[in-house]
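Residue strings, one per chain:
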Amino acid sequence: MTAVARTGTGPAAQRGRRGGRAKRILPYVGIGVVVLYCLVPFYWMVVSAFRRPQDQFDNTILPVRWSLENFSAVFAGDNGFGRALVNSFVVAGLTTALTLVIGVFTAYALARLDFPFKNAVLGIIIGTTMFPGISQLIPLLKLFTDIGWINTYQAMIVPSLGFALPLTVWLLTAFFRQLPFELEQAAMVDGCTRGQAFRKIIVPLAAPGVFTTAIITFIAAWNEFIIALSVVNRKEMQTATVAISKFTGVSGFDQPFGTQMAAGVIVTVPLVAVVLIFQRRIVAGLTAGGVK
């Protein structure tokens, strides 16, 4: 054996080391590409929001001169953006609350109780998610027109419930299934009814799943656009996403890119902050239900 081979400095050894470094680096390169792909649009929205109106078509990486004019214009004039934000909070908040109440009881029944066709019921619930929301728009619009729900909160909340409940039931069913039955049995031996055992034992233990589901539901309801656009035609009832799409410029004919970007930042930043603050709990909630 030669000295080069013994010391590991030959061409084969060098190629092996280079291949090992490439295998270690490539995953990070892939992660970096994905992160850039996701963050570059948000970065450009933030930068465009801080440009002056006369500089809104600049393509510089940073604004030539930073300005808050676009943010002040969001709440100025006849945009009605303040009321739209309130409407979004009402719709998203009520949707989340109703989804959790209905979803928790439904998931508990599917996970802990025995009744005929239980798995078929769960399959049907999940199967409803296969239908795109746009396919349900015309029937919903006809129904809401007939019963007088146009320009009401319930016209935006009820369809959102239909889209959010299947995911909620699926996630929470997994959480309830992983909890040992002995916990309820022990509570009932100590004198609790099934309802008390559910309220005092099961729900607190399933809190990570409930919390994660609440955040996902709120974000989905907050970002909903097509239903709110279709069932509401009064400005005082429109949500923030619809209000942004209807912004007009100073003259009513120019395109207010800067104002729309600023409104997008105002709508997006709270959601990003919530996700960053509670990211560990969200990840724990999404993964805990899959481990026995």
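Residues numbered from 1 in each chain as written. Predicted model: local features only at pLDDT ≥ 70, side-chain atom pairs only at ≥ 80, totals over all residues. Heavy atoms only, no water.

J.: Could you give an account of the packing of aromatic side chains, naming the residues involved and the relevant values?
T.: Geometry of an aromatic ring pair is reported as the spacing of the ring centres plus the angle between the planes. Counted by the stated rule, this structure contains 12 aromatic pairs. Ring plane angle 80° and centroid distance 5.4 Å describe the contact between Phe57 and Phe257, whose orientation is recorded as edge-to-face. Here Phe257 lies in helix H13 (residues 257-277) and Phe57 lies in the loop between helix H2 (11-49) and helix H3 (69-74), a separation of 200 residues in the sequence. Overall, the relative accessible area of 58% leaves Phe57 in the exposed class. Look at Tyr108 and Phe176: their rings are 5.9 Å apart centre to centre, the planes differ by 85°, and that puts the pair in the edge-to-face class. Here the residue Tyr108 occupies a position in helix H4 (residues 81-112), and Phe176 occupies one in helix H7 (residues 153-178), the gap between them amounting to 68 residues. Owing to a relative accessible area of 1%, Phe176 belongs among the buried residues under this scheme. Following the ring pairs from residue to residue traces out a cluster consisting of Phe105, Tyr108, Phe176 and Phe198. The ring of Trp44 is capped by Arg51, whose NZ or CZ atom sits 5.1 Å from the centre of that ring. (Phe/Tyr/Trp six-rings, centres within 6.5 Å; stacked < 30°, edge-to-face > 60°. Helix = DSSP H or I, 4+ residues; strand = E, 2+ residues; numbered from the N terminus. Buried < 20%, exposed > 50% of the residue type's maximum accessible area, 1.4 Å probe, protein only. Lys NZ or Arg CZ within 6 Å of the ring centre and 35° of its normal.)

J.: For the side chain of Lys118, give the residues involved together with the corresponding values.
T.: Along the chain, the position of Lys118 falls in helix H5 (residues 118-127). Excluding its chain neighbours within four sequence positions, the residues that come into contact with Lys118 are Ala109, Leu110, Ala111 and Leu113. (Contact = heavy atoms within 4.5 Å.)

J.: Before we move on, could you go through the environment of Ile124 and cite the residues and values that matter?
T.: With respect to the element layout, Ile124 can be found in helix H5. As for Ile124 and Pro166, which are separated by 42 residues in sequence, their C-alpha atoms are 9.2 Å apart.

J.: Help me get a handle on the nonpolar core, residues and values and all.
T.: Membership of the largest hydrophobic core comes to 19 residues, with the highest contact counts inside it found for Val74, Phe81, Leu85, Trp222, Ala263 and Val267. Only H2, H3, H4, helix H10 (207-223), helix H12 (240-245) and H13 provide two or more residues apiece to this core. The element that contributes the greatest number of residues to this core is H13, accounting for five residues. Those residues in contact with Val74, other than ones at most four positions away along the chain, are Asn79, Phe81, Phe247, Thr259, Ala262, Ala263 and Ile266. Counting 14 residues, the second-largest nonpolar core is a separate cluster that includes Met156, Val232, Met237 and Val242. (Core = buried A, V, L, I, M, F, W, Y, C linked by side-chain atoms within 4.5 Å.)

J.: Help me get a handle on the pattern of salt bridges, residues and values and all.
T.: Scanning the model with the defined rule gives four salt bridges in all. The closest approach of N and O atoms between Lys118 and Asp114, which form a salt bridge, is 3.8 Å. Its relative accessible area of 76% is what places Asp114 among the exposed residues. (Salt bridge = Lys/Arg side-chain N within 4 Å of Asp/Glu carboxyl O.)

J.: With reference to specific residues and values, describe the side chain of Ser48.
T.: Position of Ser48 relative to the elements: it lies in helix H2. A distance of 2.8 Å separates a polar atom in the side chain of Ser48 from the backbone oxygen of Trp44. (Polar contact = N/O pair within 3.5 Å; in protein donor to acceptor, adjacent residues only side chain to side chain.)

J.: I'd like a description of unusual backbone geometry, backed by residues and values.
T.: Its identity as a non-glycine residue notwithstanding, Phe117 has a phi of 60°, on the positive side. Here Phe117 is to be found in the loop between H4 and H5. Phi is positive for Asn151, close to 65°, though the residue is something other than glycine. On the basis of relative accessibility, which here comes to 12%, the residue Asn151 falls in the buried class.

J.: Before we move on, could you go through the packing of H10 against H13 and cite the residues and values that matter?
T.: It is the contact of H10 with H13, at a shortest axis distance of 12 Å, that shows an interaxial angle of 170°. Comparing the axis directions of H10 and H13 gives the class roughly antiparallel. The segment H10 lies against H13, with Ile215, Phe218, Ile219, Trp222 and Asn223 engaging Val267, Leu271, Val274 and Val275. In terms of residue class, the contact of H10 with H13 is made up of eight nonpolar, one polar and no charged. (Axes fitted to C-alpha atoms, helices over the stretch in contact; angles between N-to-C directions. Parallel < 35°, antiparallel > 145°, perpendicular 65-115°, else oblique. Nonpolar A, V, L, I, M, F, W, Y, C, P; charged D, E, K, R; others polar.)

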